[in-house]
Amino acid sequence: FDSISIAWLEAAYVAVNNKTHFTTDNSMSSYKEPSDVLKRLLLPPKNPSLSLSANYQWLVFTQEPPLPSIELLAKPEEKLAGIRFDPELFTPSRLDYATTLVLQHMKTGEKQEVQLPENSEGIRYIRFNPVKSSFVFASKVKNEARMELYQCQLSGDNNANDESKQIWTMTKIQLQNHKMNFIQGCAYQFSTDGSKLFIKVVPSTTSSTPPKEPVSTGPAIQLVEKGARKAPGRTYQDLLKNGYDEAKLRYYCTTEVLCIDMASAVKGEEEPTLVPQSKGGHLIQSLNSSPCGRYLLAQLTTKFSYSVPISRFGKDVVLWDLNNNQELKVASIPVNDEIPLSFDACSRHPRGYRFHPCGTGGEDDTMTTIMFVKATDGGDPANDPVDGERDALYCQTIDTDAFTLHEPTKFVGLEWRYSDLDFSESGMAIVEEYRWKDRMERKWILNADGTKLRMLWERSWEDRYNSPGEPLTRRGAKGQYFIVQPTPTSIYLSGAGASSVGDRPFLDLLDFGSEEVKTTRLWRCTAPVEGELDASKEVNGVLPTDRKDIYESLVCVMPDNDSIMISRESKTTPRNYYLSKLGDGGDEADIQVTNFEHPQPDLLGVTKELVQYKRDDGVELTANLYLPANYDGTPLPTLFWAYPREFKDSKAAGQVKGSKHLFVSAHWASPIHWAAKGWCVFDNFALPVIGEGDAQPNDTFIEQIVSGATAAVEYAVSRGVCDKDRCAVGGHSYGSFMTAHLLSHTSLFSAGIGRSGAFNRTLTPMSFQSEDRSIWEARDTYITMSPLMHVKKMSEQERVGKMLLIHGEADENSGTHPMQSERYFAALKAFGIESKLVMLPHERHSYRARESILHMAYEQEAWLKSLEDK
């Protein structure tokens with residue numbers, strides 16, 4: 001492209017004639033740490049992870065240590081076919097392990113800590129039995145590349161009331177020296193009735209050493225044959241490159257499947273048996289148990305590709321009969337590398353294979369049925385639909401006696417693209433379809449035979465204020481998740497409850513039994529003290545009188561359908577969990593389940609406000625404004641932090657998002673820490689990029705983010721909290737991309753922080769973010785949206801903001817290869833723009849190591865110090 005060549009020639013000219021001063025600061029190459037306050041904020045204890053048992057009687061808490069050491073990230077890892085894994089442990093690389101495991105009975109509140117195995121470094125992959133009060137977990141053996149499998153059996157309600165009795169019994173499950181393989185997901189899963197456990201293991205015939213790297217694999221050749229179909233490909237990382245990569249993928253990902261009878265295994269009476277169909281090993285992408293427990297539906301990788309990740313490799317879909325050890329091929333799918341770029345596109349091959357959770361979907365529950373989806377338009381929205389349908393779902397019933405498949409029958413056809421399908425235990429179903437180009441969705445209620453009973457709604461998913469929520473599901477018979485039906489003609493809906501006063505989550509009862517659908521509000525987050533409310537959206541249609549500045553969200557509806565589990569928090573009180581009765585009208589009867597303490601006391605006193613303002617074209621905008629404790633009313637240095645979002649509707653873009661009553665805490669990636677240092681923080685300031693009708697949002701990306709940023713700065717200055725001469729802007733990923741543009745096209749900011757961004761869109765020519773046009777369809781947009789092309793303009797701004805670039809050397813994210821920051825820094829250097837590039841060893845797109853995150857904070861603190869000193 002001519003403009004690219006011109007930009008680099010200009011940069012080279014400036015660099016030579018101005019004799020740009022550039023240094024490689026090796027004295028700063030060791031890891032540094034920030035100020036004490038930032039260090040404390042970045043190293044809080046992790047929040048415990050919570051899991052509910054399948055019968056909702058038990059709550060399991062696991063606690064992981066804080067940030068891991070760089071040593072964990074530095075361990076060897078393989079990068080093959082879009083996945084990264086530990087080649088010794090056969091797990092995803094860089095795993096954290098919980099070192100504390102606590103059980104709590106939901107009714108009694110009784111707690112007991114489970115003593116982990118003596119040789120355990122920590123545990124992971126807790127999976128509850130779908131029927132019984134027990135769970136299994138994997139334990140990492142200390143100083144060994146090995147995981148062991150344990151079952152924890154929980155006692156009944158009687159023992160849970162007796163603090164002197166141990167409420168758990170732990171048993172090691174013997175695997176006959178087989179090594180579990182977690183590379184493509186958790187190695188084990190229960191059968192639907194909970195009686196068996198299926199475990200993916202490394203075949204016993206596998207060599208103890210991986211394939212040896214040859215001196216050369218010879219030329220790596222890829223071919224597009226004459227007359228081939230179009231195969232546009234996005235910018236993926238870690239793809240296969242040659243025959244050696246293929247050999248390694250087979251070595252590491254080939255697994256057999258063991259079957260364990262749980263009742264016998266607990267007693268130590270039976271050793272695991274090999275599922276015969278898996279003998280010798282397969283590259284198993286997925287494995288699912290049928291509702292009757294007799295069959296396994298396996299998806300096996302068969303064909304490799306150098307252009308797409310393993311999830312899109314060719315595969316066979318096969319059915320394994322566990323009763324008579326037979327195998328039946330259901331489908332053979334080629335490599336999926338021909339999907340058009342449009343987000344309304346999909347594979348032209350059958351997809352989404354699954355068991356019908358209710359068998360046939362009719363009264364005869366003894367038959368097992370497989371379901372799948374197929375595009376009738378070839379997966380390309382540019383093609384015409386067939387008989388008004390773009391997608392169709394099919395059912396294929398298994399002939400149990402002959403072990404054959406009946407011909408597929410259409411279950412339901414859809415005008416738009418298929419999105420999701422959920423069933424109730426009665427066989428009633430709800431199917432969702434979508435149309436990306438205008439962000440529309442539909443939901444239909446289906447009879448058990450797939451005929452459409454009625455449309456629930458057709459709406460824009462961007463409109464949060466009028467979102468009806470989503471059907472509530474709960475684990476039911478045979479271990480399957482089903483839509484909860486309190487009555488045969490009603491379901492529950494839960495949603496975020498977006499409103500002009502912020503999010504207020506809700507639970508509704510939707511009755512579809514009459515001609516007109518009726519919705520009754522059963523519960524809603526407590527209303528804040530200030531703000532106008534709509535009585536029609538409150539419980540019983542009545543405005544609440546007891547208003548508090550707290551935030552509550554629904555966790556689940558308990559099996560009695562009369563009580564719910566919720567979370568509750570405020571700006572100064574961390575999130576905790578409660579059991580509440582529906583319809584009580586108050587929180588006096590609520591039972592507090594957890595009591596977590598404030599993890600970051602340095603943020604106590606920091607104030608949070610959800611502010612609203614407008615950009616120059618009238619679009620409503622919001623931001624979270626944080627001010628330091630004991631703020632004295634004087635203008636402060638201000639850090640603006642954002643992540644642009646695309647919209648097709650300007651009204652939806654202006655809706656309030658989030659809640660100002662959420663607990664004030666700071667993740668490592670958050671800018672909120674700066675409020676504890678005395679800064680004003682304008683976090684998550686809205687930068688909607690809108691393209692209504694036929695307009696594409698990105699065609700005016702720069703104009704819109706400049707308008708939004710200008711409005712944010714002007715508002716903060718008008719409030720008297722922001723010193724306009726001491727403004728900085730930053731973001732991570734797409735926020736980094738945004739930061740580069742704002743420094744190039746405005747003089748609003750003295751400094752910018754860009755972490756793990758992309759700055760040259762010609763390096764992502766087959767779409768990026770929400771842009772689904774290729775560079776050949778939108779050449780000018782790609783070039784204009786590349787900050788690399790605007791470095792000269794940045795150097796000519798009235799106030800040239802300095803730019804700090806931080807990037808993980810092992811960034812795996814599509815589109816944000818580390819080269820993006822390296823090339824952009826080279827351009828900044830060429831124009832003499834004050835800048836710094838920090839490459840974090842071993843880090844990916846999201847940073848993990850203690851040393852890396854503290855050093856990131858050190859660099860950011862040092863970069864912005866000049867704004868504090870003014």
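How each quantity is defined
- Residues numbered from 1 in each chain as written.
- Predicted model: local features only at pLDDT ≥ 70, side-chain atom pairs only at ≥ 80, totals over all residues.
- Heavy atoms only, no water.
- Pairing = 2+ DSSP bridges.
- Helix = DSSP H or I, 4+ residues; strand = E, 2+ residues; numbered from the N terminus.
- Buried < 20%, exposed > 50% of the residue type's maximum accessible area, 1.4 Å probe, protein only.
- Lys, Arg positive; Asp, Glu negative; His and termini not counted.
- Salt bridge = Lys/Arg side-chain N within 4 Å of Asp/Glu carboxyl O.
- Contact = heavy atoms within 4.5 Å.
- Core = buried A, V, L, I, M, F, W, Y, C linked by side-chain atoms within 4.5 Å.
- pLDDT = per-residue confidence, 0-100.
- Phe/Tyr/Trp six-rings, centres within 6.5 Å; stacked < 30°, edge-to-face > 60°.
- Lys NZ or Arg CZ within 6 Å of the ring centre and 35° of its normal.
- Expected span 1.5 Å × (residues − 1).
- Axes fitted to C-alpha atoms, helices over the stretch in contact; angles between N-to-C directions.

## Side note on the sheet that holds strand 34 (residues 518-524)
Read from one edge of the open sheet, four strands run 29-32-33-34, paired in antiparallel fashion. Strands with a single pairing partner mark the edges of an open sheet, and in this sheet they are strand 29 (470-471) and strand 34. Pairing of strand 29 with strand 32 (residues 490-495), which is carried by two bridges, proceeds in the antiparallel orientation. Following the sheet pairing, Glu470 is matched in strand 32 by Ser494.

## A short note on the side chain of Arg755
Considering the arrangement of structural elements, one finds Arg755 in strand 46 (residues 751-755). It turns out Arg755 is buried and unbridged, and the closest side chain with the opposite charge, Asp683, is 9.2 Å from it. If near-sequence neighbours (up to four positions away) are discounted, Arg755 is found in contact with Trp641, Trp668, Ala669, Gly731, His732, Ser733, Ser736, Ile806, Tyr847, Met856 and Gln860.

## With respect to the nonpolar core
If you look at the biggest cluster of nonpolar residues, it comprises 61 residues, and the most contacted ones within it are Tyr613, Phe640, Phe682, Phe685, Phe749 and Tyr824. Broken down by element, this core gets its largest block of residues, ten residues, from helix 8 (residues 701-718). Sequence-distant contacts of Phe682, that is, excluding residues within four places in its chain, are made with Val611, Tyr613, Ala623, Asn624, Leu625, Thr638, Leu639, Phe640, Trp641, Ala712, Tyr715 and Ala716. By size, the runner-up hydrophobic cluster in this structure holds 32 residues, among which are Leu38, Ile672, Met856 and Ala857.

## A short note on unusual backbone geometry
One non-glycine residue, Asn177, lies in the positive phi region at around 65°. Note on placement: Asn177 falls in the loop between strand 11 (168-173) and strand 12 (188-190). Classification of Asn177 as exposed rests on a relative accessible area of 83%. Positioned with a positive phi, Ser767 is a non-glycine residue whose angle comes to about 90°. Assignment of secondary structure puts Ser767 in the loop between strand 46 and helix 10 (779-784). Residue class for Ser767 comes out buried when judged on its relative accessible area of 6%.

## Quick notes on the pattern of salt bridges
Overall, the coordinates contain 53 salt bridges when judged by the stated rule. Between Lys46 and Glu64 there is a salt bridge, with the nearest N and O atoms lying 3.0 Å from each other. Residue Lys46 is located in the loop between helix 2 (36-42) and strand 1 (49-52), and its partner Glu64 is located in the loop between strand 2 (58-63) and helix 3 (70-74); the two are separated by 18 residues in the primary sequence. By relative accessible area, which is 28% here, Lys46 ends up partly exposed. Here Lys241 ties to Asp245 by a salt bridge, and the two come within 3.2 Å at their closest N and O atoms. When salt bridges with common partners are traced through the structure, they connect Arg351, Asp377, Arg390, Asp391 and Arg417 into a single cluster.

## Brief notes about the environment of Gly218
Structurally, the position occupied by Gly218 is in the loop between strand 13 (196-201) and helix 5 (243-253). Judged by relative accessible area, which is 34%, Gly218 ranks as partly exposed. For the pair Gly218 and Asn242, spaced 24 residues apart in the sequence, the C-alpha separation amounts to 8.5 Å.

## Considerations on the confidence of the model for the protein
For the protein, mean pLDDT is 92; residues scoring 70 or higher make up 94% of the total. For residues 1-21, every residue scores under 50 in pLDDT, and the model assigns this stretch 24 contacts once sequence neighbours within four places are set aside. Segment residues 361-365: pLDDT under 50, and five contacts once partners within four positions in sequence are set aside and those in other chains are kept.

## A word on the packing of aromatic side chains
Enumeration according to the criterion identifies 30 aromatic pairs in this entry. Taking 4.9 Å as the distance between ring centres and 65° as the angle between the ring planes, the aromatic pair formed by Phe343 and Trp436 counts as edge-to-face. Within this pair, whereas Phe343 is found in the loop between strand 19 (326-333) and strand 20 (351-355), its partner Trp436 is found in the loop between strand 26 (429-435) and strand 27 (440-446), the two being separated by 93 residues in sequence. Through a chain of ring-to-ring contacts, three or more aromatic side chains come together here, namely Tyr613, Phe640, Phe682, Phe685, Tyr715 and Phe749. The ring centre of Trp436 lies 3.9 Å from the NZ or CZ of Arg439, which sits over that ring. The ring of Phe737 has Arg761 sitting right over it, with the charged end atom 4.6 Å from the ring centre.

## Examining helix 8
For helix 8, built from 18 residues, the straight-helix expectation of 26 Å at 1.5 Å per residue is met to within 8% by its first-to-last C-alpha distance of 26 Å. Here helix 8 lies mainly inside the structure; 13 of its 18 residues are buried.

## Notes on the sheet that holds strand 27
Overall, antiparallel pairing links the four strands, which are arranged 25-26-27-28 in an open sheet. What marks the edges here is a single partner per strand, and that holds for strand 25 (417-423) and strand 28 (452-460). Each adjacent strand pair in this sheet contributes to an overall mean axis angle of 20°, direction not counted. Pairing of strand 26 with strand 27 involves seven bridges; the strand directions are antiparallel. The residue bridging Arg435 from the neighbouring strand is Met440, located in strand 27.

## Describing the environment of Glu851
Looking at where Glu851 falls in the secondary structure, it is placed in helix 13 (residues 850-869). Given a relative accessible area of 21%, Glu851 falls into the partly exposed group. Separated by 535 residues in the primary sequence, Glu851 and Asp316 place their C-alpha atoms 44 Å from one another.

## Details of the pairing of strand 27
The two faces of the sheet receive side chains in turn, since in a regular strand these alternate between them. Within strand 27, seven of the seven residues are buried, which leaves the element mostly enclosed by the surrounding structure. Where burial is concerned, the two faces of strand 27 agree: the one with Met440, Arg442, Trp444 and Leu446 and the one with Glu441, Lys443 and Ile445 are both buried. Hairpin geometry of strand 26 and strand 27 is characterised by an intervening segment of four residues between the two adjacent antiparallel strands and by a positive phi of about 60° at Arg439. Strand direction decides the pairing type here: strand 27 and strand 28, joined by seven bridges, are antiparallel. When the sheet's bridge partners are listed, Leu446 is paired in strand 28 with Lys452. The turn linking strand 27 back onto strand 28 is made up of five residues, and Gly450 within it adopts a positive phi angle of 95°.

## A word on the environment of Pro486
Positionally, Pro486 belongs in the loop between strand 31 (481-483) and strand 32. Since its relative accessible area comes to 31%, Pro486 is described here as partly exposed. Residues Pro486 and Asp511, spaced 25 residues apart in sequence, show a C-alpha to C-alpha distance of 9.8 Å. Those residues within four positions of Pro486 in sequence are excluded, and the remaining contacts are Ile491, Tyr492, Leu509 and Asn561.

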